[in-house]
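Summary of structural features
Listed below are the residues making up each chain.
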Amino acid sequence: MEPIDIVGKTKEDASLPKATMTKIIKEMLPPDVRVARDAQDLLIECCVEFINLISSESNEVCSREDKRTIAPEHVLKALEVLGFGQYIGEVYAAYEQHKLETMETVRGGKCTNRAEMTEEEALAEQQRMFAEARARMNGVANVGKQAEVDPSLEAKS
């Protein structure tokens, strides 16, 4: 039987992607340094254990505050409690950078475009999409951008 960790999953289930971790390990070292497979596996296991430790302590911090969702501040507090306080500034900076990159990705996608539409533009876009779907269902290959607007919906705007 395989060893089971505190959340009831096998060690294999709670691992990190080996290829990604190997890439991270190699990026952190000078190009002329090689890492044995056993050492890579050990580093990956250390990372998994560290994540489990931080997650568990973050959950404890969250529970003490009578919260049900672990927030970034709970993770930062967990780092402090576990003796990793010297890393909080760097972790927080990485978190802020991640938030910025995530917002840029969302802004570059369709999500933001929809939010910036007026109600009339959204209705017209919806009608165009409905017309395209109807055309596909009826076997028509291509429907132009200027699809007919359903008169019953046009009266609502």
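Read on for an overview of the structure.

The rules behind each value
Residues numbered from 1 in each chain as written. Predicted model: local features only at pLDDT ≥ 70, side-chain atom pairs only at ≥ 80, totals over all residues. Heavy atoms only, no water. Helix = DSSP H or I, 4+ residues; strand = E, 2+ residues; numbered from the N terminus. Expected span 1.5 Å × (residues − 1). Buried < 20%, exposed > 50% of the residue type's maximum accessible area, 1.4 Å probe, protein only. Contact = heavy atoms within 4.5 Å. Polar contact = N/O pair within 3.5 Å; in protein donor to acceptor, adjacent residues only side chain to side chain. 1 Å grid on protein atoms, 1.4 Å probe; cavity = no way out; pocket = protein on both sides within 12 Å on 5 of 7 lines; lining within 4 Å. Points joined across faces, edges and corners; volume = space filled by probe spheres on them. Nonpolar A, V, L, I, M, F, W, Y, C, P; charged D, E, K, R; others polar. Patch = residues over 30% accessible without salt bridge, like charges linked within 9 Å, V, L, I, M, F, W, Y side chains within 5 Å. Areas by Shrake-Rupley, 256 points an atom, 1.4 Å probe, with all protein chains shown as cover. Salt bridge = Lys/Arg side-chain N within 4 Å of Asp/Glu carboxyl O.

Helix length check: helix α2 (residues 37–64) (28 residues) gives 41 Å between terminal C-alpha atoms against 40 Å at 1.5 Å per residue, within 8%. Listing the buried residues of α2 in full gives Gln 40, Ile 44, Val 48, Ile 54, Glu 57, Ser 58, Val 61 and Cys 62. The secondary structure elements touched by the buried residues of α2 are α1 (18–28) and α3 (72–81). The positive-phi residue at the C-terminal boundary of α2 is Asp 66, with phi of around 55°.

Looking now at the environment of Thr 22. Mapped onto the secondary structure, Thr 22 falls in helix α1. According to the relative accessible area criterion, Thr 22 is buried, its value standing at 14%. Sequence separation of Thr 22 and Leu 43 is 21 residues, and the distance between their C-alpha atoms is 9.3 Å. Among the polar contacts made by the side chain of Thr 22, one reaches the side chain of Gln 40 at a distance of 3.4 Å.

Attention now moves to the layout of surface pockets. By volume, the largest pocket is sized at about 300 Å³. Surrounding the largest pocket, Leu 16, Met 21, Leu 43, Cys 46, Cys 47, Phe 50 and Ile 51 form its lining. Residues belonging to the lining of the largest pocket are distributed by class as follows: seven nonpolar, no polar and no charged.

A separate point is the side chain of Gln 40. With respect to the helices, strands and loops of the structure, Gln 40 is situated in helix α2. Since its relative accessible area comes to 10%, Gln 40 is described here as buried. Of the polar contacts made by the side chain of Gln 40, one reaches the backbone oxygen of Val 35; its length is 3.5 Å. If we ignore the near neighbours within four places in the chain, the residues touching Gln 40 are Thr 22, Ile 25, Lys 26 and Val 35.

What follows deals with a nonpolar patch on the surface. Together, Ile 24, Met 28, Leu 29 and Val 33 make up a nonpolar patch on the protein surface, roughly 360 Å² of accessible area in all. With respect to the helices, strands and loops of the structure, Met 28 is situated in helix α1. Here Met 28 falls in the exposed class, since its relative accessible area comes to 67%.

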